[in-house]
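Now for the letters of each chain:
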Amino acid sequence: MAAKTLPKEPFNFIVAGVGGQGNVLLSAFVGTALIKEGFMVSVADTFGVSQRGGSVTSHIKISKETPYSSVTLKGKADVILGMEPVETLRTLGEFGNPQVISIVNPRPVHPSGGVAYPDLEEVKQAIVRLCAQTKFVNATEEALKMGNPIYTNIILLGALIGASVLPVDKETVMPILEERFPGELFDINLKAFNKGMELIASA
Amino acid sequence: MASIAMDKPGATALLMGNEAVARGAIEAGIGVAAAYPGSPTSEVLPTIAGAAEEMNIHAEWSSNEKVATEVAAAASFAGIRSLSIMKQNGANVAADFIVNVNMTGIGEAGMVIFISDDPGGMTSNNEEDSRTITKWLDNPLMEASSAQEAKDMVKWAYEVSEAVNLVVFVRGVTRLSYTKGNVILGELPEKREKKAYFPAIWDMYNPVKSKFTSGPFPVFHKPLHEKLEKARAIFETSTFNRYMGPENPELLIITCGACTSYSTEAVEALDVGHRIGILKLGTTWPLPEKLVGKYLTSTKKVFFVEEMDPFVERSVMELAASMLPETSELAFYGKRSGHLTPYNEQSTDLVIEALRDILGLSYQPRDLNYEKEAEEAVKLVPHRPINMCAGCPHRATFWAIKNAIKLDGRNGFTCGDIGCYSMAFAGPGFFQARTMHAMGSGAGVANGFGNLKQFGFDQPVLAVTGDSTFYHAVLPALVNGVYNKSNFTLLILDNSATAMTGFQPHPGTGELATGEPAPVVDMEALCRSVGAEVRVCDPFDLEDTTKTLLEMMRKESGARVIIMRRMCELVRAKRKIPRPYTMHVDPGKCLGDSCGCDRLCTRILGCPGLMWDSEAGKAAIDEALCVGCGLCADICPVGAIIREEVS
């Protein structure tokens, strides 16, 4: 059983993003790390057709002993990792509450088919209003600086772990990252992860 | 994740329901697994294939679910435990074989079908409940409630299958298949040599025992019903059926599968554990009537919580009717009473809502002021339509189709099919798919349209199919079209992948499920050999594709074929093949809203790599999403989108 404590049972963590941003890999890292920390987890990713550019979420319910279903109850999110601003707001609309903590990548992904993107500042303000605590992390921007937007999710993983909002240490995540990204791939992903930790520290 | 065949009994792994099913089958010592890719089950077979070599398993992607089930059955006939895997609609394809194998029975070795339904249609275009098929086929059925239970249940299903000599179904739903959870691993089977042998002996005086040929005789049908009764007896004492709650609950919830945790969580959220009992059924057909009957007499109210059809609800109400007058005071709640719906996915919140209504409880999920503020804030949130990926060749194909039909001017149309290109029913494919039903139905329906000439029908008919779907169910329709001289053009969107379900190989890709090289079933030669005229186009060559389409549409001959050949963009990225172009918009050339094109690039073509820069009032490229396919440069009427070759 887990040595670390949980603020409440079950503890509800949600990743919100757009299909193709890498939420499935991110949630698998977090879920595996939580199991290594001795917790029960239930992870639900959006699969299928929504992966093609639609809204996607990963819900992770964390508990000490009793397994839970994976989907968060209305209004019961504890931590939200927003990979995209309007998707963060969409998730807050359904699962937010006055205590929720959010970590948000402020880079918009525009909807296709001529659907207009709302004013970004307005969206960011609404997110801040609906959260007890909000931290913005320019993950996509940093990933592009590193040469590939694909690193966005690993930067966000670093930010999430660095924020100490989940009962998971960096030391627990490292071997999982190394197993998934062997050899040369590990170095660049470690760099991305550390970048995320650095960004959250100054956010 | 490490191999699914890791030899670490007692260790905990984070497994997706589909991976847990694979592990359960491996722990049960299967020798053969066969499937056709279909979400929500697509990951089971590849997970097994990844351990095929070390566990001595034959794992194959079959060309459809019926063939997969026949492959698995032959293994059972020859003494090897086997697994067939399918999505809900796969049962329709395989049913014709299963109804007959139920007459003969299976071999000495157990056979299991893992099937997963899709409440809410998250990965499908329908919400078929496969349990009803299982019932009319006469097969024992179990439903798993978690990844751990899926593993354990699949393993046990082999024992039941062998005890009753029938194929046993284990049913999941999308939420079970795709939820990852803690799974404690069990022992792996001993790596003894599996010896396959088919006892090909015919005893005319004992047709049931010298089996494997079905017949219309009651002699085959009677034992089937005896087997089902035997299964029911086994199910009466199964530990997969559990009761939690007080001895005489005010209300009894009868639930199964993924709804089990929705029920327990709802009871916890409402804090009514002392008033409500939960009977969780793991074996749902044949119904363990003694067990259920015992709990029916312990209460006055029964609430059924299950996904899709009122399947358990009907079985239990039938049982209650047979128990009259003992059950005369029972009130029933569920789909029939309207407390839950026989469509869409269930959830803890929906169960809470229903319980509130039945028991007159109050529940406030969050602060009311916050609720109001949240409702107000989400008004900012735009709808995010699904889309084909940036660089998807289907977008180019449907652009050419749209233009060719318009240029042709005879109200031509396209019959759609199942795959990524199903999105052509909506904006991403410019609303070009005007019919869409089952796998292969595009070509099938086109056959019918193409033979209506005697009734004055003169519209050109196109049908689309993906490469994987072509081998699954389109080939018979093409043969029919050639033979019956039906006037239509079949477009095979050959993107070298079963893209929608996760890039599984198929007979045209030259690769097996295990990654070994395989002979390529040459699509082009196959179509020519049945007598169809065949053209091949690169959809990104819009001019040539449109011209070819126009030419083929104008023909009056029988079924003909255009192969639209271009690799799936995601496959290109996976194989690290360099992108062809770097794209940018020349702001000096883009005329914005004064162009008159009405934002043709962002609003109509709608590639995710394009975006509308509302500040500048012009189109722009999203460098995080654009993959440099170059298509948009061809459609901009003023040539403002520039492609530069990647050197």
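What you see is a predicted model, and the numbers here were worked out from it, not measured in a lab. (Residues numbered from 1 in each chain as written. Chains lettered and ligands numbered in written order. Predicted model: local features only at pLDDT ≥ 70, side-chain atom pairs only at ≥ 80, totals over all residues.)

**A look at the interface of chain A and chain B**
So, point 1. The partner chain B presents 48 residues to the 52 residues of chain A that form the contact.
So, point 2. Looking at the side of chain A that touches chain B, the elements that each hand over two or more residues are α1 (23-36), β2 (40-45), α2 (85-95), α3 (120-130) and α4 (139-145) of chain A.
So, point 3. At 6 residues, β2 of chain A tops the list of elements feeding residues into the side of chain A that touches chain B.
So, point 4. For the side of chain A that touches chain B, the per-class residue count stands at 26 nonpolar, 19 polar and 7 charged.
So, point 5. Pairing between β2 of chain A and strand β8 (residues 179-184) of chain B: 3 bridges, direction antiparallel. Bridging across to β8 of chain B, Ala44 of chain A finds its partner in Thr179 of chain B. (Contact = placed C-beta atoms within 7 Å. Helix = DSSP H or I, 4+ residues; strand = E, 2+ residues; numbered from the N terminus. Nonpolar A, V, L, I, M, F, W, Y, C, P; charged D, E, K, R; others polar. Pairing = 2+ DSSP bridges.)

**With respect to the environment of Glu229 of chain B**
Residue and element names in this part refer to chain B.
So, point 1. Topologically, Glu229 is positioned in helix α9 (residues 218-236).
So, point 2. The class for Glu229 is exposed, based on 10 C-beta atoms found within 10 Å.
So, point 3. Residues Glu229 and Asn451, spaced 222 residues apart in sequence, show a C-alpha to C-alpha distance of 50 Å. (Buried ≥ 20, exposed ≤ 12 C-beta atoms within 10 Å, placed from the backbone.)

**Section: the packing of α1 of chain A against helix α5 (residues 152-162) of chain A**
Residue and element names in this part refer to chain A.
So, point 1. Running from amino to carboxyl end, α1 crosses α5 at an angle of 35°, the nearest separation of the two axes being 9 Å. Where α1 crosses over α5, the handedness of that crossing is right-handed. Listed contacts from α5 to Leu25, Leu26 and Phe29 of α1 are Asn153, Leu156 and Leu157.
So, point 2. Considered class by class, the residues forming the contact of α1 with α5 number 5 nonpolar, 1 polar and no charged. (Axes fitted to C-alpha atoms, helices over the stretch in contact; angles between N-to-C directions. Left-handed = near helix turned anticlockwise from the far one by under 90°.)

**A look at the domain arrangement of chain B**
So, point 1. Each assigned domain of chain B is listed with its residue range as follows: domain 1 (12-236), domain 2 (242-359), domain 3 (393-574) and domain 4 (581-645).
So, point 2. Relative to domain 3 of chain B, the C-alpha centre of domain 2 of chain B lies at a distance of 47 Å. (Domains from an automatic or database assignment.)

**Focus on α2 of chain A**
So, point 1. Burial within α2 of chain A is extensive, with 10 of its 11 residues counted as buried.
So, point 2. Of the residues making up α2 of chain A, those classed as buried are Pro85, Val86, Glu87, Thr88, Leu89, Arg90, Thr91, Leu92, Gly93 and Phe95 of chain A.
So, point 3. Of the surrounding elements, those touching the buried residues of α2 of chain A are β1 (11-18), β3 (55-63), β4 (79-82), β5 (101-104) and α3 of chain A together with α14 (368-377) of chain B.

**Details of the environment of Phe449 of chain B**
So, point 1. If you trace the backbone, Phe449 of chain B turns up in helix α16 (residues 441-449).
So, point 2. Accessibility expressed as a C-beta count within 10 Å gives 20 for Phe449 of chain B, which makes it buried.

**A word on the confidence of the model for chain B**
So, point 1. Here chain B averages 94 in pLDDT, and 97% of its residues register 70 or above.
So, point 2. At the level of chain-chain contacts, confidence expressed as ipTM amounts to 0.93, with global pTM at 0.93. (pLDDT = per-residue confidence, 0-100.)

**Considerations on the sheet that holds strand β11 (residues 276-281) of chain B**
Residues and elements named next belong to chain B.
So, point 1. Across the sheet, 5 strands lie side by side as β9-β11-β10-β13-β14; this open sheet has mixed pairing. On the outer flanks of this sheet lie β9 (242-244) and β14 (331-333), each paired with one strand and no other. Along the sheet, successive strands turn relative to each other by an average axial angle of 20°, direction set aside.
So, point 2. Two strands pair when backbone bridges link them, and strand β10 (residues 251-256) and β11 are joined in this way by 6 bridges, in the parallel orientation. In the sheet register, Thr255 faces β11, and the bridge partner there is Lys280.
So, point 3. Docked against the sheet, helix α13 (residues 348-359) engages β10, β13 (301-305) and β14, running at close to 165° with respect to β13.

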